[in-house]
Amino acid sequence: GQQVQQSPASLVLQEGENAELQCNFSSTATQLQWFYQSPGGSLVSLLSNPSGTKHTGRLTSTTVTKERRSSLHISSSQTTDSGTYLCAISSNTNKVVFGTGTRLQVLP
Amino acid sequence: DMKVTQMPRYLIKRMGENVLLECGQDMSHETMYWYRQDPGLGLQLIYISYDVDSNSEGDIPKGYRVSRKKREHFSLILDSAKTNQTSVYFCASSLTGTYAEQFFGPGTRLTVL
């Protein structure tokens, strides 16, 4: 079945630095979502990006479908960006497989 | 306002008791999901529902059952809860289709003593 690998597992930045998060998946994906989860919180959808490049605010996601990888770039990180970033892949069945996430800590 | 709600938000039960977790959505989404999230394991799909009375097992259905009698409402039932079912449970919904995006509820933290 579909497997989703995220890297790095954790990342510590100083405020203002940029972050690059990676998501690699094993099978064809029809949908790819990036989620943010605050400590003890729910999942908030950041970007839906099955292919190409999408921007929203300080976030840019680039998905290369043929290479089965996606990245999430966070520019000018802020302390409020701290939390876990999850990549989720779905195929034709509507079943969704999540990666185990990248835990980001942004220091003031 | 598009929303997925979950009740209760926190629940403590004793082993062997029955548990009912409720989920609602106001977006008329056909597809709804139940996940559990445990440290180190990430999110695991328990059940998926494609519409009323059209439910399918996910990756870890053992010990759980679901009920969907109305499109906007999806319940997760634990008959005779076990201590290893202590977890955070998330409900999600989406339109049915290839490019559907998921929307998540706030989660229910269940502790089984």
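Use the structure listed above.
Below is a summary of the structure that appears in this document.

Definitions and cut-offs
Residues numbered from 1 in each chain as written. Chains lettered and ligands numbered in written order. Predicted model: local features only at pLDDT ≥ 70, side-chain atom pairs only at ≥ 80, totals over all residues. Heavy atoms only, no water. Pairing = 2+ DSSP bridges. Helix = DSSP H or I, 4+ residues; strand = E, 2+ residues; numbered from the N terminus. Axes fitted to C-alpha atoms, helices over the stretch in contact; angles between N-to-C directions. Contact = heavy atoms within 4.5 Å. Salt bridge = Lys/Arg side-chain N within 4 Å of Asp/Glu carboxyl O. Polar contact = N/O pair within 3.5 Å; in protein donor to acceptor, adjacent residues only side chain to side chain. Nonpolar A, V, L, I, M, F, W, Y, C, P; charged D, E, K, R; others polar. Buried < 20%, exposed > 50% of the residue type's maximum accessible area, 1.4 Å probe, protein only. 1 Å grid on protein atoms, 1.4 Å probe; cavity = no way out; pocket = protein on both sides within 12 Å on 5 of 7 lines; lining within 4 Å. Points joined across faces, edges and corners; volume = space filled by probe spheres on them.

1. Description of the sheet that holds strand S7 (residues 65–70) of chain B
Strand pairing in a sheet is mediated by backbone hydrogen bonds. Such pairs are either parallel or antiparallel.
Residues and elements named next belong to chain B.
And then number 1: Strand order in this open sheet of 4 strands is S1-S3-S8-S7, and the pairing throughout is antiparallel. Of all strands in the sheet, those bounded by a partner on one side alone are strand S1 (4–7) and S7. The average angle at which neighbouring strand axes cross in this sheet is 20 degrees, direction not considered.
And then number 2: Of the pairings in the sheet, the one linking S1 to strand S3 (residues 19–25) comprises 4 bridges and is antiparallel in character. When the bridges of S3 are listed, Gln6 appears paired with Cys23.

2. Here's the deal with the environment of Gly107 of chain B
Residue and element names in this part refer to chain B.
And then number 1: Inspection of the secondary structure puts Gly107 in the loop between strand S10 (103–104) and strand S11 (108–112).
And then number 2: As a C-alpha pair, Gly107 and Asn84 span 23 residues in sequence and 18 Å in three-dimensional space.
And then number 3: When sequence neighbours within four positions are dropped, the list of residues in contact with Gly107 reads Gln6, Pro8, Arg9, Tyr89 and Phe90.

3. Examining the interface of chain A and chain B
The extent of an interface is frequently quoted as the accessible surface area lost upon association of the parts.
And then number 1: At the interface, 20 residues of chain A touch 25 residues of chain B.
And then number 2: The interface formed by chain A and chain B includes 0 salt bridges.
And then number 3: Between the two partners, chain A and chain B, sit 3 residue pairs in polar contact (both at pLDDT 80 or more).
And then number 4: The greatest single-element share of the side of chain A that touches chain B, amounting to 4 residues, is contributed by strand S4 (residues 31–37) of chain A.
And then number 5: Classifying every residue of the side of chain A that touches chain B gives 6 nonpolar, 13 polar and 1 charged.

4. Looking at the side chain of Gln6 of chain B
Residues and elements named next belong to chain B.
And then number 1: Within the fold, Gln6 resides in strand S1.
And then number 2: By relative accessible area, Gln6 is classed as buried at 2%.
And then number 3: From its side chain, Gln6 meets the backbone oxygen of Tyr89 in a polar contact 3.0 Å long.
And then number 4: Reaching out from Gln6, the side chain makes a polar contact with the backbone nitrogen of Gly107 at a distance of 3.0 Å.

5. A word on the sheet that holds strand S3 (residues 19–25) of chain A
Residues and elements named next belong to chain A.
And then number 1: As summarised here, the arrangement of the 5 strands in space is S1-S3-S8-S7-S6, forming an open sheet in which the pairing is antiparallel. The open sheet has two edge strands, strand S1 (4–7) and strand S6 (52–56), and neither has a second partner. Direction aside, neighbouring strands of the sheet carry axes that sit 15 degrees apart on average.
And then number 2: Of the pairings in the sheet, the one linking strand S7 (residues 59–64) to strand S8 (residues 69–74) comprises 6 bridges and is antiparallel in character.

6. Observations concerning the pattern of salt bridges
Residues and elements named next belong to chain B.
And then number 1: Taken as a whole and judged by the stated rule, the model has 6 salt bridges over all chains.
And then number 2: In this structure, the salt-bridge partner of Lys69 is Asp53, at a minimum N-O distance of 3.0 Å. Of this pair, Lys69 sits in strand S7 while Asp53 sits in the loop between strand S5 (42–51) and strand S6 (54–57); the two residues are 16 residues apart in sequence, bridging distant segments of the chain. Considered together, Lys69 and Asp53 belong to a single accessibility category, that of exposed residues.
And then number 3: Across the pair Asp79 and Arg65 runs a salt bridge whose closest N-O atoms are separated by 2.6 Å. In this pair, Asp79 is assigned in the loop between strand S8 (73–78) and strand S9 (87–94) and Arg65 in strand S7, connecting sequence segments 14 residues apart.

7. Describing empty space enclosed by the protein
And then number 1: For the coordinates displayed, the defined rule picks out 2 cavities of 30 Å³ or more.
And then number 2: Along its surface, the second largest cavity is lined by Gln31, Gln33, Ala88, Ile89, Ser90 and Val96 of chain A together with Ala100 of chain B.
And then number 3: Of all the elements in the fold, those that place two or more residues in the lining of the second largest cavity are S4 and strand S9 (83–90) of chain A.
And then number 4: With 3 residues, the single largest contributor to the lining of the second largest cavity is S9 of chain A.
And then number 5: A class-by-class count of the residues in the lining of the second largest cavity yields 4 nonpolar, 3 polar and no charged.

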